[in-house]
Each structure stands twice: as structure tokens, then as C-alpha cells.
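# Notes for the structure review
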Amino acid sequence: MPIQVAQEDRVALVTVDRPERLNALNTQSLQELLATFERLASDSSVRAIIVTGAGDRAFIAGADIAEMKDKSPSEALAFARLGQAVCSAIEAAPQPVIAAINGYALGGGCEIALACDIRLASETAVLGQPEVALGVPPGWGGTQRLPRVIGPGLARELIYTGRRVRAEEALRIGLVNAVYPPAELLERARALAAEIARNAPLAVRLSKEAIRRGLDVDLAAGLALEAQAFALAFSTADQREGMSAFLEKRSPEFRGA
Ligand code: CAA
């Protein structure tokens, strides 16, 4: 199975496991990834998700070029839509998703990372959108999410040149949040996921949704979304628990309700 899922405490670890292809994604692995995120979305025991790649060389080296090469335009359209559906499922997952980028994150691999809420990289990570060197534009959201993450000027440069970016540059341009030695990456991702998992899950979920939907609308509409999310939280037991615990000087016990 190209996609492995392990759960420890309240954190799911999703590993793309095709190391002999540097974890490149073919149709089967995309379908499995989509099914995995659809399942995790309805699992309330999961409070945060980490995505990484098997082995020590690659996060995901992109779409599987061998499978893609002979596609007709209509097959390519279906393939782009499938990859985009995976990225949208990650972006819309109720739990925050952390990309632990342990090596190459190129093309579709960079696009999967861009769909995650938080990107952490190992010192050996290499990111980029090299599609134009293969005769195609990015197809799983790179033209849309890269400009939203690093700004349109730099995104244009990276997409038009296909230039690869090493971890330290990725950190400087805001493409990743932090860079760690390879041996520490997963441990740091788990610690961050555990920190998120300690908070009220519905409040985290409402925050994620307000950020995600707010990025696609103007400020006034975004603020309206935020006010609704804030009000909705006041119908939860966790809001009463969180505020009571603060006033009673104890740790809250959140139930996710
Ligand atoms: N698809 C299929 N196979 C791939 C692959 C990919 N994206 N990336 C690597 N592989 C395979 C290689 O063909 C090779 O297989 P063999 O052992 O059978 O020869 C194996 O993985 C190991 O790779 P390399 O020998 O090439 O390793 P390297 O260290 O010399 O180079 C690399 C590593 C720079 C990542 C190089 O493999 C590479 O450039 N890969 C392709 C990266 C790329 O262009 N990705 C974008 C794909 S297009 C896309 O993703 C479109 C989209 O927007 C959805």
C-alpha cells in the first residue's frame, strides 16, 4: 500500500510510501491519499495530522512522470482534478495538517505541501515547481497556492524558471515555517501536533475554517466569517470548560463538543 497511516495519541501520521520512486504519486496513491483524508476528516479522535514521505530522500518527488507521460488531454484533466481533489481535501480537513518535508518536495509534492496548514522542513529539503521543464504548467494547485503563500512576484519566478529552493531559502521566503536537522524533523512535527491537539478541537477547527475561507474573500466578508465562528464556539461545552478552567486556575479538559 503506497499510503501508510499510523495513529499515536490524537495525532495521525500519513506516510507516502513509494521510496523506490522517491514517493512520486501515481493514480493509485492519489486515490488512497484522498480516501485517507476523507476518512480522517470524520475521525474525531484525530486532532492533528502529519504528512511525510518514506525514506530519507524525498517527501514527494511529484506526480509519477512515467504514468503521466502518455496521457491524452482528457486523461490529464482527470489526473489534474484528482491531484487537486487531494490537495483540497487536505486544505479542508477539519484538523490542522503539518507537512514534514524530509527531502525533495517537487511539482505535485510541493503542491501537497502547499495545501498543508504548516510546513516544517529538514535541512535536506528541496522544494520547487519544475513542471515547465517537463513541458507542462503545475497542475495540482501550484499556480494558485504558491502565490498565496510566498507572494505573486517570487511565485512567478519560481514557476517560470522551475528553480529548486533549498531549505534555508524556503525558510527565508516563507515557504516553510521552520528547518530542523533530518533526525529531528518528525519529532518536532509530533511536538507541534501535540501542542495543537491539547487545545479545544472545535475552536481549532473553526479557526482553520475561518482562515481558509477568509483567504478567498475580502476583509469585511472574512471578518463576518470570523464573528460567526466566534459566536458558534459559545454553543460548545469546551468554551465553558476553557474559560471556567482559566478562572479556576486549573488545566482544561476538552471533550471536542
Ligand atoms: N515520477 C516518476 N519517477 C520518479 C519521479 C517522478 N516524479 N522522481 C523520481 N523518480 C524515480 C526516478 O525515475 C528513479 O527511478 P529509477 O531508479 O528506476 O531510475 C528513482 O525515482 C530515483 O530518482 P533519481 O535516480 O532521478 O534520483 P536523483 O537523486 O538523481 O534525482 C530528483 C532526484 C532531482 C528528485 C529527480 O528524481 C527528479 O528530478 N525527479 C522528478 C521531479 C519532478 O520533475 N517532479 C515534478 C513532476 S510533474 C508534476 O508533479 C506535475 C504536477 O503539477 C502535478
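Residues numbered from 1 in each chain as written. Predicted model: local features only at pLDDT ≥ 70, side-chain atom pairs only at ≥ 80, totals over all residues. Heavy atoms only, no water.

Here we take up the domain arrangement of the protein. One can read the domain layout of the protein as domain 1 (3-197) and domain 2 (201-247). Centre-to-centre, using C-alpha coordinates, domain 1 lies 27 Å away from domain 2. Facing the 12 residues of domain 1 at the interface are 6 residues of domain 2. At the junction of domain 1 with domain 2, the criterion picks out 2 salt bridges. With a closest N to O distance of 3.6 Å, Arg148 and Asp216 form a salt bridge. Put simply, domain 1 and domain 2 have 5 residue pairs in polar contact (both at pLDDT 80 or more) between them. (Domains from an automatic or database assignment. Contact = heavy atoms within 4.5 Å. Salt bridge = Lys/Arg side-chain N within 4 Å of Asp/Glu carboxyl O. Polar contact = N/O pair within 3.5 Å; in protein donor to acceptor, adjacent residues only side chain to side chain.)

A separate point is the environment of Ala170. Take Ala170: it is sitting in helix α7 (residues 167-172). Aside from chain neighbours lying at most four places away, what touches Ala170 is Leu127, Val165, Leu175 and Val176. (Helix = DSSP H or I, 4+ residues; strand = E, 2+ residues; numbered from the N terminus.)

Turning our eyes to something else, we now look at the site of the ligand. The full set close to the ligand counts 23 residues, and Arg57, Ala63, Gly108, Glu111 and Glu131 are the nearest of them. One nitrogen or oxygen atom from the main chain of Ala63 is found 2.9 Å from an oxygen atom belonging to the ligand. One nitrogen or oxygen atom from the side chain of Glu111 is found 2.8 Å from an oxygen atom belonging to the ligand. Look at the ligand: alone it shows 970 Å² of surface, and the protein chains cover 67% of it. If you list the elements that add at least two residues to the shell around the ligand, you get α2 (65-68), β6 (104-106) and α4 (108-115). Of the residues that constitute the shell around the ligand, the class distribution is 12 nonpolar, 4 polar and 7 charged. (Near = heavy atom within 4 Å. Areas by Shrake-Rupley, 256 points an atom, 1.4 Å probe, with all protein chains shown as cover. Nonpolar A, V, L, I, M, F, W, Y, C, P; charged D, E, K, R; others polar.)

Another aspect to go through is the packing of helix α1 (residues 27-41) against helix α3 (residues 73-92). For the pair α1 and α3, interaxial distance at closest approach is 9 Å and the crossing angle is 30°. The angle between α1 and α3 places the two elements in the roughly parallel class. Two packed elements cross with a definite hand, and for α1 against α3 that hand is left-handed. In contact with Thr27, Leu30, Gln31, Leu33, Leu34 and Phe37 of α1, α3 contributes Phe79, Leu82, Gly83, Ala85, Val86, Ala89 and Ile90. Among the residues forming the contact of α1 with α3, the class breakdown is 10 nonpolar, 3 polar and no charged. (Axes fitted to C-alpha atoms, helices over the stretch in contact; angles between N-to-C directions. Parallel < 35°, antiparallel > 145°, perpendicular 65-115°, else oblique. Left-handed = near helix turned anticlockwise from the far one by under 90°.)

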